[in-house]
Amino acid sequence: MDLMKEDYHLFDRDNYAFKQLKELHTPDEVEQIKQEYKAHWQKWKMLQLETARQLPSEWAMYPPKIESWTNGWNLRSHFWSAYRSEERQNENACLAVLLNKKQFQIYLMYQHYKSDTREGSIEEYNQVLSLLQEWSTQVAIEEYYIWPQPENELEDHLPLSVYLSDKSKQEELREAMGDRTFQLGKLFFSPNEYTAIEERTAEALKELAPLYQAIKKRA
């Protein structure tokens, strides 16, 4: 499966609310927009399922949680999917995949939304920062980025190589995190197109897996 320019472009719009879309477009145009979203979301769903099938069976991450293309009132400004192993479905920490108008990202995250209904503390998650220097020697570090969770997903995130080599950047990240967490992932940028994206995604999830597993061990 290929990641194409039009996959990013789907989210490059000024209005996502159905109320606004209905004010600005004819019913036929709104229906066309909805059908386009549905078609891209079906591709997204297939990508996630194919990715999950390529992960080690002992991880038991199939099927992943695949967020809908609408929240009922709005089109999504991105597509998102979470991967948690079977015995960790009720934890805040997870691996995730996201596509917006700027980038496709595979990353480690702490899900703050409704976090009080799940297990795992912010402090336990953030301890993973101490593992990044050693972990980074096992991956192509130039492909990875790190950012504070409060940072907008469309911001230019900090390259992991810069973070690890600059103490001031590490302090800045801590300050920007505040009482929240960090996110770390491999990014693929628009308008570049990528072949076999499910294989690339599975490979990145495998690379991030030791950090995800370390959270469980420390919890």
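Residues numbered from 1 in each chain as written. Predicted model: local features only at pLDDT ≥ 70, side-chain atom pairs only at ≥ 80, totals over all residues. Heavy atoms only, no water.

Let's talk about the overall build of the protein
From N to C terminus, the protein includes eight helices and seven strands. Radius of gyration (C-alpha) of the protein: 18 Å, near the 17 Å computed for a compact globule of 219 residues. The C-alpha extent of the protein, read off along each of the three principal axes, is 55 × 40 × 35 Å. In the protein, which comprises 219 residues, the proportion classed as buried is 47%. A fraction of 69% describes how many contacts in the protein between residues 6 or more apart in sequence connect residues 24 or more apart. Put simply, the protein shows about 11400 Å² of open surface, and 47% of that area lies on carbon and sulfur atoms. Between the mean site of the 27 positive side-chain charges and the mean site of the 37 negative ones, the protein shows a separation of 4 Å. (Helix = DSSP H or I, 4+ residues; strand = E, 2+ residues; numbered from the N terminus. Rg over C-alpha atoms; globule rule 2.2 N^0.38 Å. Buried < 20%, exposed > 50% of the residue type's maximum accessible area, 1.4 Å probe, protein only. Contact = heavy atoms within 4.5 Å. Areas by Shrake-Rupley, 256 points an atom, 1.4 Å probe, with all protein chains shown as cover. Lys, Arg positive; Asp, Glu negative; His and termini not counted. Charge placed at Lys NZ, Arg CZ, Asp CG, Glu CD.)

Looking at the packing of aromatic side chains
Using the criterion set out here, one finds 13 aromatic pairs in the structure. Both rings, one in Tyr37 and one in Trp69, keep their centres 6.3 Å apart while their planes meet at 45°; by these two values the pair is tilted. Linking Tyr37 in helix α3 (residues 27–53) with Trp69 in the loop between β1 (65–66) and β2 (79–83), this pair joins segments that are 32 residues apart in sequence. Classification of Tyr37 as buried rests on a relative accessible area of 0%. For Trp69, a relative accessible area of 12% gives the class buried. (Phe/Tyr/Trp six-rings, centres within 6.5 Å; stacked < 30°, edge-to-face > 60°.)

Some remarks on the side chain of Thr181
By the secondary structure assignment, Thr181 is in the loop between α7 (167–177) and β7 (182–189). A polar atom in the side chain of Thr181 sits 2.8 Å from the side chain of His112. With residues near it in sequence (within four places) discarded, Thr181 still touches Tyr110, His112, Ile122, Tyr125, Asn126, Pro148, Gln149 and Pro150. (Polar contact = N/O pair within 3.5 Å; in protein donor to acceptor, adjacent residues only side chain to side chain.)

Brief notes about the environment of Pro159
Structurally, the position occupied by Pro159 is in strand β6 (residues 158–159). Judged by its relative accessible area of 28%, Pro159 is partly exposed. For the pair formed by Pro159 and Phe188, sequence separation is 29 residues and the distance between their alpha carbons is 13 Å. Those residues in contact with Pro159, other than ones at most four positions away along the chain, are Tyr144 and Tyr145.

Quick look at the layout of surface pockets
Taking a probe equal in size to a water molecule and rolling it over the atoms shows the remaining empty space. As a volume, the largest pocket reaches approximately 600 Å³. Taken together, 21 residues form the lining of the largest pocket, with Glu67, His78, Trp80, Tyr107 and Met109 sitting closest to its centre. At four residues, the largest contribution of residues to the lining of the largest pocket is made by strand β4 (residues 103–110). In terms of residue class, the lining of the largest pocket is made up of seven nonpolar, eight polar and six charged. (1 Å grid on protein atoms, 1.4 Å probe; cavity = no way out; pocket = protein on both sides within 12 Å on 5 of 7 lines; lining within 4 Å. Points joined across faces, edges and corners; volume = space filled by probe spheres on them. Nonpolar A, V, L, I, M, F, W, Y, C, P; charged D, E, K, R; others polar.)

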